[in-house]
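# Descriptive analysis of the structure
Residue-level listing of the chains:
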Amino acid sequence: MRQLPRSVKDLRPSGIQHVPFRGADLLERPLLNKDTGFDDSERDVFGLRGLLPPRSSEIEQQVSLELEHIRCKSDDLERYIGLAALQDRNETLFYRVLLENLEEFMPIVYTPTVGRACQTFSHIMRRPRGLWITPADIDRIPDLLCNARTESTGAGSAVDDIRLIVATDNERILGLGDQGAGGMGIPVGKLALYTAGAGIYPAHTLPVSLDVGTDNEELLADPIYIGHRQRRLRGAEYDDFIEAFVTAIQDVCPRAVLQWEDFKQHNAIRILDRYRHRLTSFNDDIQGTGAVVLAGILAAVRVLGRPLAEQRFVFLGAGAAGTGIARMIRAALVAQGADGPTVKRAIVTADTKGLVFAARDELDDDKREFALGPDELAAYGLGGLNPSDRRDFEAVVAAVRPTMLIGTSGVPGAFTETAIREMAAHVERPVVFPLSNPTAKTEAVPTDIMAWTGGRALIATGSPFDAVVVNGTSHIIGQANNVFIFPGMGLGAIVAEAREITDEMFLLAAGTLAEMVSPERLAAGALYPAISELREVSRQIAAKVVCQSRDCGVGRLYRDEEVMDAVDSAIWFPAYLPYRPAE
């Protein structure tokens, strides 16, 4: 077999690590610090004698101690702060704790707890992470990126090369809206999951806050607020700022994959469409959400025993996430050979103003893509509805009789008992996806959905929920968490050195994820694998992305037998390597 390219071998450290720091300087570097894990010889060579307690600890002992520290805290936000403090002190130990306890701590480092962290960010931040860019920096963004390149270890070597960036403008944080500078909690949390879920080495990652101001009055009035205390940048000035950011990435970090995160609907869609062919980039809220929900749908189809083309989808929520899901379903239908009229009829969307149809007054351009035309309205008997019924979600459900109901509205309780019971009256196994998060924003809770459907529903949620017991049978509630998609997508794009991330890659990722749901979990109602399987899921998705990059001419020309070895060579496992002084 050919030697793997150097660019892949450099994606994680291995063997003996040569370190140019010593003493307190070494202990202050989170990616190199081992705390009490330095052995006797390292303490001598690196001038650590007297700076640490005398006893050395194995990393397994340190993990046990950190679990003791975190679990003694009674509040999830305090656990978040405790884990952030560990990450700021010793990243290897942080990722070992997270990786070995993903089901317990993923809801802490990311949704739902990260939502509380974003809301209180200015008051809980201990140590800044990542890169903060404001409109005042528009002419010096390349300099700021250079400042960030060697922040992790300071070594200036290939291992410090930025290969993955998660950037947000903080305007649509989860279902919480504009959180200003507090939105930085999202890129930080997402990148932690890239590392835990796919083994991307932390020194290759960079969280970015594009802090263009905030329209959140509470933040603007807070004297402690740490962000750019101005109204949000809009219009041409905003576009110029984004353009300057993209140009700087191309100049300073030319091999980086960029994930756009938590941009509001209009900006999210147009920025993705503007830059996706120019820069290796994707929008997780649109494409990642679309792929993970499609995976759950494909898993549900396995249970239902009826093809995708026979399903009827009703969406509540026509923003970026809803658009992304609808696009992915449409692509899957086309890939499976569905004709044009079938595809157009399959997807019905509603928003805060009711049914989305082409002749509706003041319809946003972003929503026209899936607006129903006269033929589709007639097919469902919606053409004759009076205007008030077209605004009534329950009336839409009654007319369409959906087999699958998808919520991205951010409106708690929007899936009413009447709507769910109406759906269940016409469908043997209703498939219900209340996806809005955090938990307080969910359209309906699984216990209610199960009660309203007599325990027949297949449910996936955006936030984690416990299993629901109905008549003595436990139903597992799968979480439609983008973490099943984006780590593998990012890893595959990095290994492939992909020049573009295509829709076909997301379709492959969705299909791969759906296939990895075991028959036992499907029988228990779960539409996704267990979180404990995340690394293997990411590994398989990454391999498919590498192959697809090659086959469509946008990535390295790996042979089939080389692909998995290349992926595995890029996956970092958090363990202490032996250190020697750099020459």
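The notes below deal with the structure included here.

Rules behind the numbers
Residues numbered from 1 in each chain as written. Predicted model: local features only at pLDDT ≥ 70, side-chain atom pairs only at ≥ 80, totals over all residues. Heavy atoms only, no water. Helix = DSSP H or I, 4+ residues; strand = E, 2+ residues; numbered from the N terminus. Rg over C-alpha atoms; globule rule 2.2 N^0.38 Å. Buried < 20%, exposed > 50% of the residue type's maximum accessible area, 1.4 Å probe, protein only. Contact = heavy atoms within 4.5 Å. Areas by Shrake-Rupley, 256 points an atom, 1.4 Å probe, with all protein chains shown as cover. Lys, Arg positive; Asp, Glu negative; His and termini not counted. Charge placed at Lys NZ, Arg CZ, Asp CG, Glu CD. Pairing = 2+ DSSP bridges. Right-handed = clockwise from strand over helix to strand, strands pointing away. Polar contact = N/O pair within 3.5 Å; in protein donor to acceptor, adjacent residues only side chain to side chain. Axes fitted to C-alpha atoms, helices over the stretch in contact; angles between N-to-C directions. Salt bridge = Lys/Arg side-chain N within 4 Å of Asp/Glu carboxyl O.

### Focus: the overall build of the protein
- For the protein, the helix and strand inventory stands at 27 helices and 16 strands.
- Computed over the C-alpha atoms, the radius of gyration of the protein is 24 Å, within 12% of the 25 Å expected from 2.2 N^0.38 for a compact globule of 583 residues.
- Over its C-alpha atoms, taken along the principal directions, the protein stretches across nearly 80 × 55 × 55 Å.
- The buried share of the protein, reckoned over its 583 residues, is 60%.
- For the protein, the share of sequence-separated contacts (at least 6 apart) that also reach a separation of at least 24 residues comes to 72%.
- Carbon and sulfur atoms make up 50% of the accessible area of the protein, which amounts to about 22500 Å² in all.
- The centroid of the 61 positive side-chain charges in the protein is displaced by 2 Å from the centroid of its 79 negative side-chain charges.

### Observations regarding helix α23 (residues 486-496)
- Within α23, 11 of the 11 residues are buried, which leaves it mostly tucked inside the rest of the structure.
- Turning to α23, its buried residues are Phe-486, Pro-487, Gly-488, Met-489, Gly-490, Leu-491, Gly-492, Ala-493, Ile-494, Val-495 and Ala-496.

### Thoughts on the pairing of strand β3 (residues 164-168)
- Here β3 lies mainly inside the structure; 5 of its 5 residues are buried.
- Because side chains alternate across β3, one face comprises the buried residues Leu-164, Val-166 and Thr-168, and the other comprises Ile-165 and Ala-167, equally buried.
- Bridge analysis of β3 against strand β4 (residues 205-210) gives 5 bridges, and the strand direction is parallel. Note on β4: the bridge partner recorded for Val-166 is Pro-207.
- Chirality of the crossover, the property in question, places the unit of β3, helix α11 (residues 185-198) and β4 among those that are right-handed.
- Bridge count for β3 against strand β5 (residues 257-260) is 4 bridges, and the pairing is parallel. In the sheet register, Ala-167 faces β5, and the bridge partner there is Trp-260.

### A look at the environment of Gln-87
- Within the fold, Gln-87 resides in helix α5 (residues 76-89).
- According to the relative accessible area criterion, Gln-87 is buried, its value standing at 7%.
- With sequence-adjacent residues up to four places away left out, Gln-87 is seen in contact with Pro-30, Phe-94, Tyr-95, Arg-129 and Val-188.
- A polar side-chain atom of Gln-87 sits 3.4 Å from a polar atom in the side chain of Tyr-95.

### Concerning the sheet that holds strand β12 (residues 458-461)
- Strands sit in the order β9-β8-β7-β10-β11-β12-β15 across an open sheet of 7 strands; the sheet is mixed. The open sheet is flanked by β9 (354-355) and β15 (478-479), the only strands paired with a single partner.
- Relative to strand β10 (residues 404-407), strand β7 (residues 313-316) runs parallel, the two being bridged by 4 bridges. Considered in β10, the bridge of Leu-316 is made with Gly-407.
- In the packing of helix α16 (residues 320-335) onto the sheet, contacts are made with β7, β8 (347-351) and β10, and the angle to β7 comes to roughly 165 degrees.
- With respect to the sheet, helix α20 (residues 393-400) is in contact with β7, β8, β9 and β10, its orientation differing from that of β7 by roughly 170 degrees.

### Some details on the environment of Gln-479
- Locating Gln-479 in the fold gives a position in strand β15.
- Sequence-wise, Gln-479 and Phe-433 are 46 residues apart; in three dimensions their C-alpha atoms are separated by 9.4 Å.
- The residues contacting Gln-479, other than those within four sequence positions of it, are Met-106, Thr-111, Thr-461, Gly-462, Ser-463, Pro-464, Phe-484 and Tyr-528.
- Side-chain polar atoms of Gln-479 contact the backbone oxygen of Gly-462, separated by 2.9 Å.

### Quick notes on the pairing of β12
- Judged by which residues are buried, β12 turns out to be covered on both faces: Leu-458 and Ala-460 on one side and Ile-459 and Thr-461 on the other are all buried.
- Of the strand pairs in this sheet, strand β11 (residues 431-434) and β12 are connected by 2 bridges, and their pairing is parallel. From the neighbouring strand, Val-432 faces β12, where its bridge partner is Ile-459.

### Quick look at the pattern of salt bridges
- The final tally for this structure, using the stated rule, is 40 salt bridges.
- Across the salt bridge formed by Arg-71 and Glu-104, the nearest N and O atoms sit 2.7 Å from each other. On the criterion of sequence distance, the pair formed by Arg-71 in helix α4 (residues 59-71) and Glu-104 in helix α7 (residues 102-109) is long-range, its members being 33 residues apart.
- By relative accessible area, Arg-71 is classed as partly exposed at 45%.
- Overall, Glu-104 belongs to the partly exposed group, its relative accessible area being 36%.
- Overlapping salt bridges, with partners in common, bring together Asp-273, Arg-327, Arg-330 and Glu-369 in one network.

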